[in-house]
Amino acid sequence: MQDFSNPNGAPGADPAHAMDAALYRNLVGRVADWGADYLGSLSERPVRGSGVVGDTLARLPERPPEDGLGEAGWDTILGDLDRDVVPGLVHWQHPGFFAYFSCNASAPAIAAELASATLNTNGMLWATAPAATELEMRMCDWCARLFGLPDAFRFDAGTGGGGVIQATASEATLAALLAGRTRAVRAGASRDRVTVYTSTQAHSSVVKAAMVAGLADDPGDTSRVRTIGTDAGLRMDPGALARAIRADVDAGLAPALVVATLGTTSTGAFDPLGEIGAAIDASGGAPWLHVDAAWAGAAMVCPEHRGFAAGIGRADSVCINPHKWLLTNFDCDLFWVRNAAALTGSMAITPAYLRDKDSESGRVVDYRDWHVPLGRRLRALKLWFVIRHYGAAGLRAHVRRHVAMAEGIERALRDDARFELPFARSLGLVCFRVAGPDERTSAVVDRVNAGRRVLITPTMVPLEPGGPPRPVGRINVGTTTTDQAAVGVLLSELRAAAGSVVQSPA
Ligand code: PLP
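This is a predicted model, so every value here is computed, not measured.

What counts and how
- All residue numbers refer to position in the chain's written sequence, counted from 1.
- The predicted nature of this model means local features are confined to residues of pLDDT at least 70 and side-chain atom pairs, given and counted, to a pLDDT of 80 or more, with totals for whole chains, interfaces and linings taken over all residues.
- Water and hydrogen atoms play no part in the side-chain values, which are based on all heavy atoms of the structure.
- What counts as a helix is a DSSP run of H or I of at least four residues, what counts as a strand is a run of E of at least two, and both are numbered from the N terminus.
- Only C-alpha atoms enter the radius of gyration, while the globule expectation follows 2.2 Å times N to the 0.38, with N the number of residues.
- Exposed residues in this analysis have more than 50% of their type's maximum accessible area, buried residues have under 20%, and partly exposed residues fall in between, with area computed by a 1.4 Å probe over protein chains only.
- We call two residues contacting when some pair of their heavy atoms lies within 4.5 Å.
- Geometry is summarised by axes, namely lines fitted to C-alpha atoms with helices restricted to the contacting stretch, and by angles between N-to-C directions that run from 0 to 180 degrees.
- If an angle is under 35 degrees, it is roughly parallel; if it is over 145, roughly antiparallel; if it lies from 65 to 115, roughly perpendicular; otherwise it is oblique.
- By convention, the crossing between two helices is left-handed when the near helix turns anticlockwise from the far helix through less than a right angle, and right-handed when the turn is clockwise.
- Any residue with a heavy atom lying within 4 Å of a molecule or strand is counted as near it.
- Distance and chemistry together define a polar contact, namely a pair of N or O atoms within 3.5 Å, with one atom able to donate a hydrogen and the other to accept it when in protein, and with adjacent residues in sequence counting only for side-chain atoms on both sides.
- Under the convention used here, a 1.4 Å probe and the Shrake-Rupley method define accessible areas, while residue burial counts only the protein chains that appear.
- Residue polarity is assigned by list, with Asp, Glu, Lys and Arg as charged and Ala, Val, Leu, Ile, Met, Phe, Trp, Tyr, Cys and Pro as nonpolar; anything else, Gly included, falls into the polar class.
- We place a 1 Å grid over just the protein atoms. Points where a 1.4 Å probe fits but has no way out form a cavity, open points with protein on both sides within 12 Å along at least 5 of 7 lines form a pocket, and any residue with an atom within 4 Å of a point lines it.
- Grid points are joined across faces, edges and corners, and a volume is the space filled by probe spheres set on the points.
- Paired strands, as defined in this entry, are two strands with at least two bridges between them according to DSSP.

1. Here we look at the overall build of the protein
Line of reasoning, step 1. The helix and strand inventory of the protein stands at 15 helices and 11 strands.
Line of reasoning, step 2. Compactness check: the protein gives a C-alpha radius of gyration of 25 Å against a globular reference of 23 Å for 506 residues, within 12% of the reference.
Line of reasoning, step 3. Projected onto its principal axes, the C-alpha coordinates of the protein cover approximately 80 × 75 × 45 Å.
Line of reasoning, step 4. Taking all 506 residues of the protein together, 52% fall into the buried category.
Line of reasoning, step 5. A fraction of 75% describes how many contacts in the protein between residues 6 or more apart in sequence connect residues 24 or more apart.

2. Regarding unusual backbone geometry
Line of reasoning, step 1. Note the cis peptide between phenylalanine 330 and aspartate 331, where omega equals 5°.
Line of reasoning, step 2. Position of aspartate 331 among the secondary structure elements: in the loop between helix H10 (322-325) and strand E7 (333-337).
Line of reasoning, step 3. Located in the positive-phi region is asparagine 120, a residue other than glycine, with phi close to 40°.
Line of reasoning, step 4. By the secondary structure assignment, asparagine 120 is in the loop between helix H4 (107-119) and helix H5 (130-146).
Line of reasoning, step 5. Positive phi, normally seen in glycine, also occurs at arginine 452, with a value near 60°.
Line of reasoning, step 6. Following the sequence through the fold, arginine 452 ends up in the loop between helix H14 (438-450) and strand E10 (457-462).

3. Describing the packing of H14 against helix H15 (residues 484-501)
The relative placement of two packed helices is expressed as an angle between their axes plus a distance between the axes.
Line of reasoning, step 1. Taken N-terminus to C-terminus, the directions of H14 and H15 make an angle of 135°; their axes are 9 Å apart at the nearest point. By the angle between their directions, the pair H14 and H15 is classed as oblique. Note that H14 runs across H15; the crossing there is right-handed. Contacts from Arg440, Ala443, Val444, Arg447 and Val448 in H14 reach Glu493, Leu494, Ala497, Ala498, Ser500 and Val501 in H15.

4. A look at the site of the ligand
Line of reasoning, step 1. Taken together, the neighbourhood of the ligand is formed by 14 residues, with Ala169, Ser170, Thr265, Asp292 and Asn321 sitting nearest.
Line of reasoning, step 2. Measuring from an oxygen atom of the ligand, one finds a side-chain N or O atom of serine 170 at 2.5 Å.
Line of reasoning, step 3. A distance of 3.3 Å separates an oxygen atom of the ligand from a polar atom in the side chain of lysine 324.
Line of reasoning, step 4. Burial of the ligand by the protein chains amounts to 87% of its free accessible area of 400 Å².
Line of reasoning, step 5. Elements that contribute at least two residues to the shell around the ligand include exactly helix H6 (169-186) and H10.
Line of reasoning, step 6. In terms of residue class, the shell around the ligand is built from 3 nonpolar, 9 polar and 2 charged.

5. Comments concerning the layout of surface pockets
Line of reasoning, step 1. By volume, the largest pocket amounts to about 840 Å³.
Line of reasoning, step 2. In terms of lining residues, the largest pocket is bounded by 30 residues, among which Trp34, Leu39, Ala105, Ile110 and Asn329 are the most central.
Line of reasoning, step 3. Per element, the largest residue contribution to the lining of the largest pocket is 8 residues, and it comes from helix H1 (residues 21-41).
Line of reasoning, step 4. Along the lines of polarity and charge, the residues of the lining of the largest pocket split into 21 nonpolar, 8 polar and 1 charged.

6. Here's the deal with the sheet that holds strand E8 (residues 419-420)
Line of reasoning, step 1. Ordered by their spatial adjacency, 4 strands build an open sheet running E8-E9-E11-E10, and the pairing between neighbours is antiparallel. Because the sheet does not close on itself, it has two edges, and the strands there are E8 and E10.
Line of reasoning, step 2. Direction of pairing for strand E9 (residues 429-434) relative to strand E11 (residues 469-476): antiparallel, over a ladder of 4 bridges. Across the sheet, the residue bridging to cysteine 431 is arginine 474, located in E11.

Take a look at the structure:
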């Protein structure tokens, strides 16, 4: 019999056998059992660890082991995971996770991640992973249909558009900025006169993209980044956008990108795309219009939740994160462009070692030209597994279940005089304040989170146009495991916290 032992380590620790089927079956099987136990125990755990800085570091040896534990050491390895790492985590899949925007997972998507990791193919060119590329193209088209996006964003429409899976919405925004800048430069603009527009409520990733692309030195550098004011509902003011673009055109600057948000991070506001498109047309500039629907876009699987996207036909690009709210594990951001050549023109570069006859034929998609990284893993598999497992109907049910729970939370808070709802509920996002001085809202959020049974997020937004930012609590219903029992815990924690900071009116 072959000897698998590593002369320096335990039996079974020989890397020459790292991909042996028996080892794979054993370790993956063990991790599947561990994962099932973890998921089964989630609701009994606190939603987050104690959060003591340095705690996990102190549990981990400073130096790596010289000798491996091998196959026989997996009781120890998984035991250490449970003992030293898991307790220090925030459990994003916990039913009581109502913080930020959710980070969805599902058994079909986890299975796809495993299959993808097993194949571990690198789809940098069509030629290096033809089926991976074509599966991704088809999944982008499927999703464009699921969300009711304009035909022009699909490969199969044959008009030069299509989609790609980026890791995150931040990378999609950066890609849109690079595409918009290249388009402006090719139209004759000077690269150092390019400007970017978004609302004061846009995600910080827009300004970050400007920093990465060299348009801003720091978040406060407004020389080429304009943050447009919002109305009482925290939606971008299209008139102010038109004036800002016009002023920049008149000053010899080159507007290259407008980022509109469908579902802002703080309050879930929807920028008015139709009016924004009209404002751009009337402004004298020709910026690329990118729609960041990272969170709310998932709801567009439901026809009743497409109204907020009216006017999306004017967009040059759109992104939606299935990893936020569509049962698909992180990371998975769908990014569609109307004109793929405009995007790839900003990033394509072909050294000799990547030259390929299929690429040169122009008949294939080489996804390396659609984003910053060259190498890329097979993310499309998780969309394929998820969509085939649940179907469009299952995806709609997922969104509707969460929206219904958020409606229930909204009703409960509205019926309690200690709470105020400063903004309309947006899909699964409910924003609240506690009646009275600002400190009460912050105190209630802190108390709720300190209990570690549920997790919510504080934010700061103006309560009237141009006003100062004021504290608001955010409750996002979107975690796959969240159920009515978790909603009940959330409400009882909120009421208890409110009771401790504010006297209930008689
Ligand atoms: N855009 C919006 C509206 C978001 O809410 C977020 C994150 O919550 C992002 C972009 C950034 O997402 P990602 O982590 O995919 O970069």
